[in-house]
Amino acid sequence: MVLMSSPDILAGATFPLSSFVGHSFQIRELPGKHTGVCQGEDEVCRIASFTVNKNSDQVVVVKEGIVVDHTDSHKIAQQSASNLLSDCKELASKQLLNGGENAEDILDNLADCVKSGIAKQIESANEEITFQAHVRKNMAGLLENYTCADEGLNTTEPRDEYEWEGREVKVMIDRPASKIHVVENFITEEECMAVEAAAEPLLHDATVADGSGGSQLSDSRKAKQAGIKVHWEKEADGDLIAALSRRVYNYVNHVLPFNIQHNGQEDLMSIQYFGRGPDDEKPDRYTPHCDGDCNGLDFKPGNRMATMVMYCKIPEVGGATNFRNSGVHVKPTKYAAAFFGYIDPVTMKMDDGFTEHSGCP
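Rules and cut-offs
Residues numbered from 1 in each chain as written. Predicted model: local features only at pLDDT ≥ 70, side-chain atom pairs only at ≥ 80, totals over all residues. Heavy atoms only, no water. Helix = DSSP H or I, 4+ residues; strand = E, 2+ residues; numbered from the N terminus. Contact = heavy atoms within 4.5 Å. Areas by Shrake-Rupley, 256 points an atom, 1.4 Å probe, with all protein chains shown as cover. Pairing = 2+ DSSP bridges. Buried < 20%, exposed > 50% of the residue type's maximum accessible area, 1.4 Å probe, protein only. Axes fitted to C-alpha atoms, helices over the stretch in contact; angles between N-to-C directions.

Q: Let's hear about the overall build of the protein: which residues, and what values?
A: Regarding its fold elements, the protein presents four helices and 19 strands. Long-range pairs, those at least 24 residues apart, make up 59% of the contacts in the protein with a sequence separation of at least 6. Total accessible area computed for the protein in this model is approximately 22,800 Å², and 52% of it derives from carbon and sulfur atoms.

Q: Could you give an account of the environment of Val195, with specific residues and numbers?
A: Note on placement: Val195 falls in helix α3 (residues 189-199). Along the backbone, Val195 and Cys312 are 117 residues apart, and their C-alpha atoms lie at a distance of 9.4 Å. Those residues in contact with Val195, other than ones at most four positions away along the chain, are Ile228, Ile241, Leu244, Leu268 and Ser270.

Q: I'd like to hear about the pairing of strand β12 (residues 224-228), residue by residue, with values.
A: In the sheet, strand β8 (residues 204-205) pairs with β12 via two bridges, with the strands oriented antiparallel. Note that in β12 the partner of Asp205 across the bridge is Lys224. Here five bridges tie β12 to strand β13 (residues 268-272), and the two strands are oriented antiparallel to one another. Opposite Gly227, over in β13, you have Met269 as the bridge partner.

Q: For unusual backbone geometry, give the residues involved together with the corresponding values.
A: Within the chain, Asn185 stands out as a residue other than glycine whose phi angle is a positive 50 degrees. Within the secondary structure, Asn185 sits in the loop between β7 (178-183) and α3. For Asn185, a relative accessible area of 52% corresponds to the exposed category. Although it is not a glycine, Asn259 sits at a positive phi angle of roughly 50 degrees. Following the sequence through the fold, Asn259 ends up in the loop between α4 (240-255) and β13.

Q: Outline the sheet that holds strand β15 (residues 306-310), listing residues and values.
A: One open sheet accounts for five strands, arranged β5-β6-β7-β18-β15; its pairing is antiparallel. Of all strands in the sheet, those with a lone pairing partner are β5 (160-164) and β15, marking the two edges. Taken pair by pair, the neighbouring strands of this sheet meet at an average axis angle of 20 degrees, ignoring direction. As paired strands, β15 and strand β18 (residues 337-341) are joined by five bridges and run antiparallel to one another. Within the sheet, the bridge partner assigned to Val309 lies in β18 and is Ala338.

Encoded structure:
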């Protein structure tokens, strides 16, 4: 047992704890400074305990008598629902006692009461979520400027790690509609060379979507790009670009349960930056954007669901992929890949900005 409070916690004071799920704490009453005894039965010092759970917003209040009140987001929600139901049941009971309405009408009124109360709580929660999202995105703009300017900033620490087909996968964000992974050694040197060779005669100034199904040049994106047709008919013969593309689809289908096939999909895209840095008037970069919809609305058939960015050549400085709304910074390493999915496969709702990203100068 390790003492966590120093000095001792006094009545009316607060004490923050840094802990983990499953960590148990014991609360011990201390003898009075003047009496030298505790207030428990036979002057024995009272003891209580609590255990940290997986819920958020946990607060522990030690009440008079060393009684522990441990609340969290789940218990608060349960209590709120219980209070709402009690109020509506009280209303229904009064109607029954008055005898002015039949049972069916009273049941309808009870249902309306519950619906109205839930609607108000959901509306209040949505207002808070909207406010928090607005604050988060405003702060993210400042964060993006800082992280791209910090040349020594390394990749954000992952939340989890596992292996896929012998490759290390670092999970940066894992939300229902927002997933960001870094996959080590995803692409080989030979595949990089094949992509570069296929792209060389096709390179042109990079464009962005124009909102009507086409593309246009933009100051927000300074790079060269080339669309590379994948010759799937050569896959069985060991075509390097086809093998790479198949690996991309396999990984996407490993994360998203859609069994996406290559038929009708976009070509492989080669993006090349040529070293115009932050000191240049127009540096090579891609300002914050979303590859698919990131408005939290329903998926539109035919739109993008996920992206895989693969790194072949690494600059001496810069070139990171920054997800400013998620606080995730990916410093490129040779042959690694950054995957991000932006759809909830259960609800088919799109990401709400967590996969918005930029290509740092």
